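Listed here are the chains, written in short residue letters.
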Amino acid sequence: MTQAPILKARGLVKRYGRVTALDNADFDLYPGEILAVIGDNGAGKSSLIKALSGAVQVDEGSIELEGKPITFSSPLGARNAGIETVYQTLALSPALSIVDNMFVGREIRKPGFMGKYLKMLDKKAMEEFAREKLSELGLMTIQNINQAVETLSGGQRQGVSVARAAAFGSKVIILDEPTAALGVKESRKVLELIQDVRSRGIPIVLISHNMPHVFEVADRIHVHRLGRRLCVVNPDDYTMSDAVAFMTGAKEPPAEAMSAA
Amino acid sequence: MSDTPKGSRKTGQDFESTLSSSDTKVAAFERKHRGVMDTIQHVLHLNPTLVPVMVLVASVLIFSLPMVTEGKFLTMFNLSLVMQQVSIIGILAAAQSLIILTAGIDLSVGALMIFSAVVMGLTGVNLGMPSFVALILGFVVAIGGGLVNGLFVTRVKLPPFIVTLGTWYIFLSILRLLTGSQSIRSQDLDAEAPFLKIFGSFISLGSARITFGVILMILVFAVLWYMLNKTAWGRHVYAIGDDKEAAELAGIKTDRMLLTVYMMAGLVVGIAAWASIGRVGSISPNAFAEANLQSITAVVIGGISLFGGRGSILGPLFGALIVGVFESGLRLAGLDVQWQVFAIGWLIILAVAIDQWIRKVSA
Ligand SMILES: Nc1ncnc2c1ncn2[C@@H]1O[C@H](COP(=O)(O)OP(=O)(O)OP(=O)(O)O)[C@@H](O)[C@H]1O
Ligand SMILES: [Mg+2]
């Protein structure tokens, strides 16, 4: 890999009391790639991406975006820098509508006096945009865009969260288990969307426990184990059972995969 | 499922091959036999204010019956009197609603209102400052009080209940120390700072007396309704009350937002303080002793969820009116006003039960 990473982290440490969630973790995401992150439950995958997206502040370590050191004090900081994240918990407000949720923090205001001085929201413009993004995802089973999110099924909620990230991410999109609750058809749509986003040149971090999905779309696979990056492998060179063996500690990864890390 | 062989990558899984021919129509479900209770639950989920509106309409109708109040209730004069009686608690309830929508509670609104009114009176009357200066100082106290609450909630991360219980005592003690527990008399206000009593003035429409205070209350609710429903700020208030952590992850600076909400509530408390001087005529450090609970009562009866994030700001207006209508109606019907207290108690329990039920609504 000759290019410089777009998002790079070194020596991240995050402790929660006596639990160490990140133990000297490194991370590299290269421009235009799909990087899968795999690891056992509790390996620290979510903690890693939360550190990258400003949702948690690390105790030690450094993060660079496009070569410049960054410290995000909140998710808003990362979002303003163009990093969009679908959290495992989805980060949706249940009582708010689908539209409100998609536009939280970046609402569109009416043009002219009403918008400028009275800060009136342009609900129509937001509805149109939201509907378009949801149909791109094939989430047509949503009947009413003004429906409260709590009246959606788990998969539909995940779809809303993914659509939000895909619609607004400009530099990096991070997806923490985006297909965990999705049906076969909807998972396929998300995978297509991921590839679509990559073809727009935006790199993606995909956390998933679904090995077939990982091996299908990933350019590289970051194996996370016990709070740190164990190795990075190319899905063309290893089988799924190799990856699972590395991840669970059943097998030592080869030296070149560890050094590539 | 077998492993992908080295070097070759499939696109999709075999069992997905039929997806290309799948149905692309928007799902359309026939809404046939949804049960009556289900329908009610869904309607209330969309319109939590419906219950207080129905209670209000029903109580007005009942008290208007000739055999109940002999026509004394349904007069322009009496209805406008009810509006006057609820105006101060109504405005306070609007401030309370903002805090409760963020899943907090403010036990200090009543004390802060008196504190602010006392500062307006002391500076305007005792110190002889111009009325507008007195008002500004009163509003500084009100907004500052809100800010203090907000800072303890967001910076020290204390529960709003505890913070405002503490500031309730603190505000009360300061205002009593300032006044020596003496009232500021109506004559002195008239002589030194009559402008502070402006909201007691009224327009007569037939036998109805519409005070400026009542108009102010309606304006406060109208403006807050606009802010909560038509601006991003308002949507963020709901988002924070709904799930603060999700709101933070979605990119809202929740602590900064909360500070603005507490200051906004303080501003509304300042408005209530000014209006209260006109309503009462004098400024007593011991007035409105039950205002905190009454404002919470109006909010709860008005269908705003005590757990935050749900309900309309117009609900508390109806909630305050319900209390006023019960009080007036029972008195005119010659019944003991304790029956009003009795009824309000049941309404609170009913309102919270309905809120819990609405929350269980699902797809
Ligand atoms: N807020 C927290 N407080 C305390 N401990 C935490 C917190 N968040 C994570 N941890 C701990 O950090 C470790 C890593 O958790 P993390 O959520 O990053 O794992 P994960 O790899 O995403 O797991 P999964 O596959 O189950 O999502 C776990 O042991 C977890 O208990
Ligand atoms: Mg996780």
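Think of each chain on its own: its residues are numbered from 1, step by step along the sequence as written. The order in which chains are written sets their letters, starting at A; the order in which ligands are written sets their numbers, starting at 1. Local features in a predicted model are, by the rule used here, given only for residues with pLDDT of at least 70; side-chain atom pairs are given and counted only at 80 or more, and totals for whole chains, interfaces and linings are based on all residues. Excluding hydrogens and water, the side-chain figures rest on all heavy atoms present in the structure.

## Details of the overall build of chain A
For clarity, the threshold we go by: We count a stretch as a helix when DSSP gives it H or I for four or more residues in a row; a strand needs E for two or more, and each element gets its number in order from the N terminus. The atom set for the radius of gyration is the C-alpha atoms, and the globule formula is 2.2 Å times the number of residues raised to the power 0.38. When a residue's accessible area, from a 1.4 Å probe over protein chains only, is under 20% of the maximum for its type it is buried; when over 50% it is exposed; and in between it is partly exposed. Throughout, a residue-residue contact means that at least one pair of heavy atoms, one from each residue, lies within 4.5 Å. All accessible-area figures derive from a Shrake-Rupley calculation using a 1.4 Å probe, and residue coverage is judged against the displayed protein chains alone. In this tally Asp and Glu are treated as negative and Lys and Arg as positive; neither His nor the chain ends contributes. Where a charge lies is defined by one atom per residue type, namely NZ (Lys), CZ (Arg), CG (Asp) and CD (Glu).
Looking only at helices and strands, one finds 10 helices and 10 strands in chain A. For 261 residues, the compact-globule estimate of 2.2 N^0.38 gives 18 Å, and the C-alpha radius of gyration of chain A, at 19 Å, lies within 12% of that figure. For chain A, buried positions account for 56% of its 261 residues. For chain A, restricting intrachain contacts to residue pairs at least 6 apart in sequence, the fraction spanning at least 24 positions comes to 65%. Carbon and sulfur atoms make up 49% of the accessible area of chain A, which amounts to about 10,600 Å² in all. One way to put it: in chain A the 31 positive side-chain charges average out to a point 6 Å from where the 30 negative ones average out.

## Details of the packing of helix H13 (residues 291-301) of chain B against helix H14 (residues 314-332) of chain B
Residues and elements named next belong to chain B. Defined as follows: Lines fitted to the C-alpha atoms define the axes, with helices restricted to the stretch that makes contact. Angles between their N-to-C directions range from 0 to 180 degrees. Should an angle lie under 35 degrees it is considered roughly parallel, over 145 roughly antiparallel, and from 65 to 115 roughly perpendicular; all remaining angles are considered oblique. Left-handed describes a crossing in which the near helix is turned anticlockwise from the far one by less than a right angle; the clockwise case is right-handed. Ten residue types, Ala, Val, Leu, Ile, Met, Phe, Trp, Tyr, Cys and Pro, are classed as nonpolar, four, Asp, Glu, Lys and Arg, as charged, and the remainder, Gly among them, as polar.
Across the interface, H13 lies against H14 with an axial gap of 7 Å and an inter-helix angle of 115 degrees. By the angle between their axes, H13 is roughly perpendicular relative to H14. For the element pair H13 and H14, the recorded crossing hand is right-handed. Facing Ala298, Val299 and Ile301 of H13, the residues of H14 in contact are Gly315, Pro316, Gly319, Ala320, Ile322 and Val323. The residue makeup of the contact of H13 with H14, split by class, is seven nonpolar, two polar and no charged.

## Some words on the sheet that holds strand E1 (residues 7-16) of chain A
All names here are of chain A. Spelled out, the test is: When DSSP locates at least two bridges between a pair of strands, those strands are taken to pair.
Taken together, four strands build an open sheet; the order of strands is E2-E1-E4-E5 and the sheet is antiparallel. The open sheet has two edge strands with one neighbour each: strand E2 (19-29) and strand E5 (68-70). Mean inter-strand twist for the sheet, computed between neighbouring axes without regard to direction, equals 30 degrees. For E1 and E2, the ladder comprises eight bridges, and the chain directions are antiparallel. Paired with Tyr16 across the strands is Val19, a residue of E2. The strands touched by helix H1 (residues 45-52) within the sheet are E1, E2 and strand E4 (60-65), with E2 carrying the most contacts at an inclination of about 60 degrees.

## Structural notes on the site of ligand 1
Residue and element names in this part refer to chain A. In plain terms, the rule: We call a residue near a molecule or strand when any one of its heavy atoms sits within 4 Å of it. Here a polar contact is taken to be a pair of N or O atoms separated by no more than 3.5 Å, where protein atoms must pair a possible hydrogen donor with a possible acceptor and residues adjacent in sequence count only if both atoms sit in side chains.
The environment of ligand 1 is formed by 14 residues, the closest being Asn41, Gly42, Lys45, Ser46 and Ser47. Contact between ligand 1 and Ala43: an oxygen atom at 3.2 Å from a main-chain N or O atom of the residue. Here an oxygen atom of ligand 1 and a side-chain polar atom of Lys45 are 2.7 Å apart. Considered on its own, ligand 1 offers 640 Å² of accessible surface; in the complex 63% of this is hidden by protein. Elements supplying a minimum of two residues to the shell around ligand 1: E2 and H1. Sort the elements by how many residues they give to the shell around ligand 1 and H1 lands first, with three residues.

## Quick word on the pattern of salt bridges
Side chains that differ in sign of charge can pair as their charged atoms come close. Worth spelling out the cut-off: For this analysis, a salt bridge means a side-chain nitrogen from Lys or Arg found within 4 Å of a carboxyl oxygen belonging to Asp or Glu.
In this structure the tally under the stated criterion is 19 salt bridges over all chains. Its salt-bridge partner being Asp242(A), residue Lys251(A) comes within 2.8 Å of it at the nearest N-O pair. Owing to a relative accessible area of 40%, Lys251(A) belongs among the partly exposed residues under this scheme. Note on Asp242(A): relative accessible area 12%, which makes it buried. A salt bridge links Asp242(B) to Arg310(B); the shortest N-O distance between them is 3.9 Å. Here the residue Asp242(B) occupies a position in helix H10 (residues 232-242), and Arg310(B) occupies one in the loop between H13 and H14, the gap between them amounting to 68 residues. One salt-bridge network, in which partners are shared between bridges, spans Arg10(A), Asp28(A) and Arg229(A).

## Some thoughts on the environment of Leu29(A)
All names here are of chain A. Topologically, Leu29 is positioned in strand E2. A relative accessible area of 0% places Leu29 in the buried class. In sequence terms Leu29 and Arg200 are 171 residues apart; their C-alpha atoms lie 16 Å from each other. In contact with Leu29, other than residues within four places in its own chain, are Pro5, Ile6, Leu7, Leu35, Val172, Pro203, Ile204, Val205 and Arg220.

## Structural notes on the packing of aromatic side chains
Operational definition: By convention, a stacked pair of Phe, Tyr or Trp rings (six-membered ring in the case of Trp) has centres within 6.5 Å and planes under 30 degrees apart, an edge-to-face pair has planes over 60 apart, and any other such pair is tilted. A ring is considered to have a charge above it if a Lys NZ or an Arg CZ atom is located within 6 Å of its centre and within 35 degrees of its normal.
Tallied over the full model, the rule gives 14 aromatic pairs over all chains. Ring geometry for Phe113(A) and Tyr117(A): centres 5.4 Å apart, planes at 40 degrees, overall tilted. Like Tyr117(A), Phe113(A) is exposed. Aromatic pair Phe342(B) and Trp346(B): ring centres 6.4 Å apart, planes at 70 degrees, arrangement edge-to-face. Note that Phe342(B) and Trp346(B) are positioned in helix H15 (residues 338-359) at a spacing of four residues, about one turn of the helix. What makes Trp346(B) exposed here is its relative accessible area of 52%. Cluster of aromatic residues (ring-pair linked, three or more members): Phe139(B), Phe195(B), Phe199(B) and Trp274(B). A cation sits over an aromatic face here: Lys14(A) above Tyr16(A), 5.3 Å from the ring centre. Of note, Arg106(A) hangs over the ring of Phe168(A), and the distance from its end group to the ring centre comes to 3.9 Å.

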